[in-house]
Amino acid sequence: MEHEYQNNPSGKMPQKIRFEYDDDEGEEESRFQDPDETIEEAATESSNLEEDLTMCDPDPDDASVIGADKTSADYYFDSYSHFGIHEEMLKDVVRTKTYQNVIYKNSFLFKDKVVLDVGAGTGILSLFCAKVGAKHVYAIECSGMADMAQEIVKLNGYSEVITVLKGKVEEIELPVAQVDIIISEWMGYFLLYENMLDTVLYARNKWLVKDGLVLPDKASLYLTAIEDADYKEDKIEFWNNVYGFNMSCIRKQSIMEPLVDTVDQKQIVTSCQRLKVGNLSVL
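Residues numbered from 1 in each chain as written. Predicted model: local features only at pLDDT ≥ 70, side-chain atom pairs only at ≥ 80, totals over all residues. Heavy atoms only, no water.

- The name given to the protein chain in an unreviewed UniProt entry is OLC1v1037648C1, with the source organism recorded as Oldenlandia corymbosa var. corymbosa.

Take a look at the structure:
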């Protein structure tokens, strides 16, 4: 995460100030890890089959059916209402400490500034900004976690500094016309998976002052190759014999389908190649 900030209070040649960053947790590994998928033994007991089938086929017009009218976007935001995913993100020490270090070690950039936190979640980035002296922080969160974030802000004594706004960025009207800084943890798997970047750029175009800061302001996409025979045997060759049956047609699809997992460093067999660099200030 880097940005060159120009400060020119006297009309002299501008001085470039590079963000300080200490990777004091550099040896810590990200704690994101999807659990291995296993085939569990099928349950042998069942209740009335007709009742079960009826329950599995709800009437979408029935108002009592929770979620019958939800869209895919609704389910996406609803997934962030559960504390588990936020626990995983907060325990990803490498990522969270990177944000904390950049904010704490460059507090002069946040002092007396109006900050917008896009996709605030529990509000951790907003709390970082408030602690170093931000004038006000507007934390936008679309999921039900917004209510918990409001409580967290209150518990930590920042109710006068942090305003939590529940809703979609594209539908919310801020109490202010412009903000000085936009901060967001928008990166997903393979950088762009969650497609939240568009929302950050929308907020930038609508509210950011001229020469304001977007953090992070640069993102790079890298590609490398790995070799893992055990993994291939477990995830791909598995389909050749499933309880004595040939399901190799799924094997072909499993090879093409992207997977998210952690790998051991010794499994990397090529150099790392940077594919793309994006500057969020000008995209």
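### Comments concerning the packing of aromatic side chains
Alright, step 1. Summed over all chains, the structure comprises two aromatic pairs.
Alright, step 2. Taken together, a centroid distance of 4.9 Å and an interplanar angle of 70° make the contact between Phe238 and Trp239 edge-to-face.
Alright, step 3. Judged by relative accessible area, Phe238 falls into the partly exposed class, the value being 28%.
Alright, step 4. For Trp239, a relative accessible area of 22% gives the class partly exposed. (Phe/Tyr/Trp six-rings, centres within 6.5 Å; stacked < 30°, edge-to-face > 60°. Buried < 20%, exposed > 50% of the residue type's maximum accessible area, 1.4 Å probe, protein only.)

### A short note on the sheet that holds strand E7 (residues 208-215)
Alright, step 1. Read from one edge of the open sheet, five strands run E5-E4-E3-E6-E7, paired in parallel fashion. Looking at the sheet topology across the chains shown, the edges are occupied by strand E5 (162-166) and E7. Across the sheet, the mean angle separating the axes of adjacent strands is 20° when strand polarity is ignored.
Alright, step 2. Pairing geometry for strand E3 (residues 114-118) and strand E6 (residues 179-184), over four bridges, is parallel. Bridge assignment links Val115 to a residue of E6, and that residue is Ile181.
Alright, step 3. In this fold helix H6 (residues 124-131) packs onto E3, strand E4 (136-141), E5 and E6, with an angle of close to 180° to the strand it touches most, E4.
Alright, step 4. Together, E3, E6 and E7 form the strand contacts of helix H8 (residues 197-207), whose direction differs from that of E7 by roughly 155°. (Pairing = 2+ DSSP bridges. Helix = DSSP H or I, 4+ residues; strand = E, 2+ residues; numbered from the N terminus. Axes fitted to C-alpha atoms, helices over the stretch in contact; angles between N-to-C directions. Contact = heavy atoms within 4.5 Å.)

### Examining the environment of Ile183
Alright, step 1. Mapped onto the elements of the fold, Ile183 is located in strand E6.
Alright, step 2. Each C-alpha atom of the pair Ile183 and Val214 lies 6.0 Å from the other, and the pair is 31 residues apart in sequence.
Alright, step 3. Those residues within four positions of Ile183 in sequence are excluded, and the remaining contacts are Tyr99, Ile103, Val115, Leu116, Asp117, Val118, Leu125, Cys129 and Leu215.

### Quick word on a nonpolar patch on the surface
Alright, step 1. A contiguous nonpolar surface patch, about 630 Å² in accessible area, is contributed by Tyr189, Phe190, Tyr193, Leu223, Val260 and Leu275.
Alright, step 2. Considering the arrangement of structural elements, one finds Phe190 in the loop between E6 and H8. (Patch = residues over 30% accessible without salt bridge, like charges linked within 9 Å, V, L, I, M, F, W, Y side chains within 5 Å. Areas by Shrake-Rupley, 256 points an atom, 1.4 Å probe, with all protein chains shown as cover. Salt bridge = Lys/Arg side-chain N within 4 Å of Asp/Glu carboxyl O.)

### What to know about H8
Alright, step 1. Among all positions in H8, only Leu197, Thr199, Val200, Leu201, Ala203, Arg204 and Trp207 are buried.
Alright, step 2. Looking at the packing, one finds that the buried side of H8 touches E3, E6 and E7.

### So, the pattern of salt bridges
Alright, step 1. Across all of its chains, the model carries seven salt bridges by this definition.
Alright, step 2. Across the pair Glu173 and Lys206 runs a salt bridge, and its minimum N-O distance is 3.1 Å. Remark: Lys206 occurs in helix H8 and Glu173 occurs in the loop between E5 and E6; sequence separation between them is 33 residues.
Alright, step 3. Assessed through its relative accessible area of 61%, Glu173 is described here as exposed.
Alright, step 4. Overall, the relative accessible area of 30% leaves Lys206 in the partly exposed class.
Alright, step 5. One salt bridge in this structure joins Lys232 and Glu227, with 3.4 Å as the shortest N-O distance.
Alright, step 6. Overlapping salt bridges, with partners in common, bring together Asp92, Arg95 and Glu185 in one network.

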